[in-house]
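An overview of the molecular structure
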Amino acid sequence: MSQNKPQTQYRDDYQPPLYWIDTLDLDIDLDDSQTEVVAISRVRRNGDHNEPLVLDGEQLALLEVAINGLASEQYEQTDDKLILPSVPQEFVLTIKTRINPAANTALEGLYKSGDAYCTQCEAQGFRRITYYLDRPDILARFSTRITADEQAYPYLLSNGNKVGQGTLDNGRHWVQWQDPYPKPAYLFALVAGDFDLLQDSFVTRSGRHVALEIFVNKGNLHRAGHAMDSLKASMKWDEERCNLEYDLDIYMIVAVDFFNMGAMENKGLNVFNDKFVLADANTATDDDYLDIERVIGHEYFHNWTGNRVTCRDWFQLSLKEGLTVFRDQEFSSDLGSRTVNRIRNVRLIRGPQFAEDAGPMAHPIRPDAVIEMNNFYTLTVYEKGSEVIRMLHTLLGERDFQSGLSLYLRRHDGRAATCDDFVAAMSEASGRDLSRFQRWYAQSGTPVLTVRDHYDAATCRYQLQVKQHTAPTADQKEKLPLHIPLSMALYSEQGDAIPLVCRGQSRAEVLDVLDAEQTFVFEQVPSRPVPALLQGFSAPVKLDYPYTDKQLALLAKCSGDEFVRWDAVQMLINQAVRDNMAAASQQQPLVLPQTLVEVFRTLLEDHELDSALQAEMLTLPSVSSLVELFEQVDIDALARVHEHLGQGLAKALQPLWAKTYERLQTPEYLILHQDMAKRALKNVALGYLALAGEETVVDRQYRQANNMTDTLAALDAANRAGLASREPLMADFEAKWRQDGLVLDNWFRLQAMAPADDTLEKVGKLMQHPTFSLANPNRVRALIGAFCAANPVQFHRPDGTGYDLLVSVLEQLNSTNPQLASRLLTPLIQFARFDPPRQRLIRARLQQLMDKPDLARDLFEKISKALA
Ligand code: B3K
Ligand code: ZN
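Note that this is a predicted model, so its numbers are computed, not measured.

What follows covers empty space enclosed by the protein. The final tally for this structure, using the stated rule, is 4 cavities of 30 Å³ or more. In this structure, the largest cavity encloses a volume near 40 Å³. The set of elements that each furnish at least two residues to the lining of the largest cavity consists of strand 33 (530–533) and helix 9 (562–585). When residues in the lining of the largest cavity are grouped by element, the largest group, 4 residues, is from helix 9. Of the residues contributing to the lining of the largest cavity, the split by class is 8 nonpolar, 1 polar and 1 charged.

If you want it as structure tokens, here you go:
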């Protein structure tokens, strides 16, 4: 590291700003390498003090400073600050700077994505546009004038309403925007370019006419329809479920090629990774359609939870993100299958989020210490954050939860708030004591819930003893008991539900676990029951209960709760994996439990069940998520067990897979939930048929498919099963889709995920492919991201060459796009689950990165923690 060691910021150090900024008028004259920005703000001292005004700014050329219209030399400049030592009580500050968007490869601030200009300001990108108080508790009214060449950039967009436009005589034109809502700088956006435009409109419940505009790259208009439908559905859903209406006359979405993440909720002008906008039957899969709906919804829902009420400081990020993820999950569940959505979210928590808790970057959903804020847009803040909101919803119920949400939004509208403010509103609206619950915001790690039971036949009493324990995490040694909602049910051995009775009263199925150890007694239990515990994953914890295979088979078959059925199958699979590990490590023969085969058979024969749910139930968890079952894993043995179970189930049930496959053909491609469900199950069956060696079926599906879901499912099946047709099919796909970046990303991703032993070499070669570029984040994630995160066996090759590949990529991205680099790094810092020789190899590579003289803050934070 260089002499300037990156500094840690602490949540407890929060101080209110020394100055307020009430308005900001921007005048931006666009040019590839010499964009000029004039920023005029009204500044007001906060309180009685003589402290200087310290503005944030990075990579800016300062041209001029003026106070109340008079040029001033009274300032100091550092690497990332502009300091004005003595300023009036209230004044107008003018700052003129020059920036170079074409050289901005970090994709933060103002940059070029293809031929268009766009911005990304969250979390701290605005300081790359002008000097400013770049913190979310500074809310100002923005106006923005953009000037650019008229031919190349016919559309000039920013937040709010368009209030003026004109042409200049030098071939340039200008547009003036005014945003009536005060906002923090991270919600500022500017886009300039030539696009195809899809227009529509929405009338809100109170009668406001809103123009809806989606801007896409030329030639893609026909792929924007689903995004538009999703936007209208989001607007309607938020009115109906949460009583929230849109508040401007226009809502714009721009899809760009180069984007570091999914999308950004800038006020009135969302900028999207085109992956989450563009879809048609030929190019998008069913999952792409669902993802678009989810992300469009997520960014739209931020308009209230994030924009109207924003975060006081970045430590509060989960205030907007956890809540908005919860809202988008509810939206998707109301529109589609609630259980399938729940299953997919739970997979994300149990796999990568639990891994985050167990690794060096463990942090509470409201972090306490941060070096680089971009490193905290994590599964913990987002997904676990949403689980915390969901637990509140479980505890309060829909009605009180909605009252709490309304109270919170009313009370803090137009202002910046904290997580404590949110919980206070929830508590007030419901009258519930949430003081212990609040610990979820402060405590990191995954609690383990250990449940043991005792049945007394003589008294018909059933006792559940519940213990909670959270192991120390990298960031926090001491842990306290949490308020855990434990949803449960009891079943008789015949599979009938047994009513819950306590002290003579029937009781609700959610138990409040508050202490380290607690006992719950149920009466009038006629026979020894089978408990269904943690129904719907009612809390983000690990469950330890000694289920027998027989009990799990019963729950999988009889529970009235679909989630419980899925979860029981998961536990059976996990058990089969654990039971085989020792044998696999010693190269001994492996077994396929008959109970598992029979459960799969029963599921396949159950035509009443939703096919989408069946598909989830019959899908084996990925090797990377199974890693979480172990303190330390023999990854090669785990892969062998995984392969053994997959092939065993494929062969044991081959005729049933074939029948299922034939039964579920959908000749016409329609984006309907029931058709997607059929395709999902059909393609799960196809995957097993491929594992059983049925090459012709796979081949036929690939050749005859009339949609991308089926095409990719065939390719994926051939790829995973290592069929001989894999190479010709891959070649065919490339020839067909070479020109379409989003489609071709799938081709890169599948090859990166191949279980074959030469995958690493292939990935190396694919990096030389003419369409591969480290400047394109989607492509890098498709190839390098998938290889390192989703192909643990090949990435963790014992010779360390997988690590070398990632390190060489990181060394390059460190200077060009550190945010992207930092995301890719994750699998490398989570080495604790692997064996000591691999740990040594990884540590050496991390040290090599650490020794780089110009290591970016993003990587420094993660690597220094991993090596500590
Ligand atoms: N708020 C943005 C994420 C910004 C990430 C900055 N590194 C997208 C979202 O969560 O909606
Ligand atoms: Zn968000």
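All right, on to the pairing of strand 17 (residues 196–203) then. Sheet analysis places strand 17 next to strand 18 (residues 209–216), joined by 8 bridges and oriented antiparallel. Pairing of Val203 across the sheet is with His209, part of strand 18. Hairpin connection of strand 17 to strand 18: 5 residues between the antiparallel strands, including Gly207 at a positive phi of 100°.

This part covers the UniProt feature "domain: Peptidase M1 alanyl aminopeptidase C-terminal" (unreviewed entry) in the protein. The feature "domain: Peptidase M1 alanyl aminopeptidase C-terminal" (unreviewed entry), as annotated in UniProt, sits at residues 549–868 in this numbering. Helix and strand shares over residues 549–868 are 72% and 0% respectively, and the end C-alpha atoms of the span are 41 Å apart.

With that settled, consider the UniProt feature "domain: Peptidase M1 membrane alanine aminopeptidase" (unreviewed entry) in the protein. Per the UniProt record, the feature "domain: Peptidase M1 membrane alanine aminopeptidase" (unreviewed entry) sits at residues 227–440. The span residues 227–440 carries 56% helix and 9% strand; its end-to-end C-alpha distance comes to 35 Å.

The zinc ion (ligand 2) binds to the protein through His298 (NE2), His302 (NE2) and Glu321 (OE), with metal-donor distances spanning 1.9 to 2.1 Å. Sequence spacing of the donors to the zinc ion (ligand 2): H-x3-H-x18-E. Comparing His298 with His302, the two get one shared label, buried.

Following the criterion strictly, the structure yields 28 aromatic pairs and no others. Where Phe600 meets Trp657, the ring centres are 6.5 Å apart and the plane angle is 80°; that geometry is what we call edge-to-face. A residue pair is termed long-range when its members are at least 10 positions apart, and Phe600 in helix 10 (residues 594–605) and Trp657 in helix 14 (residues 654–663) qualify at 57 residues. Residues Phe600 and Trp657 agree in their burial class; the two are buried. Ring geometry for Phe795 versus Tyr803: centroids 5.3 Å apart, planes at 80°, classification edge-to-face. We note that Phe795, like Tyr803, is buried. Just above the ring of Tyr117 sits the side chain of Lys112; from NZ or CZ to the centre is 4.8 Å. Above the face of the Tyr14 ring, Arg312 is positioned so that its terminal group lies 3.7 Å from the ring centre.

Time to look at the pattern of salt bridges. In total, this model carries 66 salt bridges according to the counting rule given. The salt bridge partner of Asp413 is Arg308, with a shortest N-O separation of 2.8 Å. Of the two residues, Asp413 is situated in the loop between helix 5 (379–412) and strand 24 (416–417) and Arg308 in the loop between helix 2 (286–301) and strand 22 (310–311); the sequence distance between them amounts to 105 residues. Residue classification places Arg308 among the buried positions, given a relative accessible area of 14%.

So, on to the sheet that holds strand 20 (residues 263–264). The strand order 17-18-19-21-20 describes an open sheet built from 5 strands, whose pairing is mixed. One side of each edge strand has no neighbouring strand; the edge strands of this open sheet are strand 17 and strand 20. Those strands touched by helix 2 are strand 19 (250–256), strand 20 and strand 21 (269–273), and its axis lies near 150° from that of strand 21.

A word on unusual backbone geometry. Among all residues save glycine, negative phi is the norm, and among peptide bonds the norm is trans. Looking along the chain, the bond that leaves Glu122 and enters Ala123 is cis, with omega of 0°. Positionally, Ala123 belongs in the loop between strand 11 (116–120) and strand 12 (141–149). Phi at Asn243 takes a positive value of approximately 65°, unusual for a residue other than glycine. For Asn243, the location among the structural elements is in the loop between helix 1 (225–242) and strand 19.

Further remarks concern the pairing of strand 18. Extensive coverage of strand 18 is indicated by the burial of 6 of its 8 residues. Sheet topology note: the strand 18/strand 19 ladder contains 5 bridges and is parallel. Along strand 19, the bridge assignment pairs Phe215 with Val254. This β-α-β element, strand 18 to helix 1 to strand 19, shows left-handed connectivity.

It is worth spelling out helix 9 at this point. The terminal C-alpha atoms of helix 9 lie 35 Å apart, and with 24 residues this matches the ideal 34 Å at 1.5 Å per residue to within 8%. The principal kink in helix 9, of about 30°, is found at Asp579. Where burial is concerned, most of helix 9 is hidden: 17 out of the 24 residues are buried. The positive-phi residue at the C-terminal boundary of helix 9 is Gln587, with phi of around 55°.

Parameters at a glance
- Residues numbered from 1 in each chain as written.
- Chains lettered and ligands numbered in written order.
- Predicted model: local features only at pLDDT ≥ 70, side-chain atom pairs only at ≥ 80, totals over all residues.
- Heavy atoms only, no water.
- 1 Å grid on protein atoms, 1.4 Å probe; cavity = no way out; pocket = protein on both sides within 12 Å on 5 of 7 lines; lining within 4 Å.
- Points joined across faces, edges and corners; volume = space filled by probe spheres on them.
- Helix = DSSP H or I, 4+ residues; strand = E, 2+ residues; numbered from the N terminus.
- Nonpolar A, V, L, I, M, F, W, Y, C, P; charged D, E, K, R; others polar.
- Pairing = 2+ DSSP bridges.
- UniProt positions renumbered as here; feature names shortened; annotations may be inferred.
- Donors = N, O, S within 2.8 Å, 3.2 Å for Na, K, Ca; no water.
- Buried < 20%, exposed > 50% of the residue type's maximum accessible area, 1.4 Å probe, protein only.
- Phe/Tyr/Trp six-rings, centres within 6.5 Å; stacked < 30°, edge-to-face > 60°.
- Lys NZ or Arg CZ within 6 Å of the ring centre and 35° of its normal.
- Salt bridge = Lys/Arg side-chain N within 4 Å of Asp/Glu carboxyl O.
- Contact = heavy atoms within 4.5 Å.
- Axes fitted to C-alpha atoms, helices over the stretch in contact; angles between N-to-C directions.
- Right-handed = clockwise from strand over helix to strand, strands pointing away.
- Expected span 1.5 Å × (residues − 1).
- Bend = angle between axes of the 7 residues up to and from the residue.

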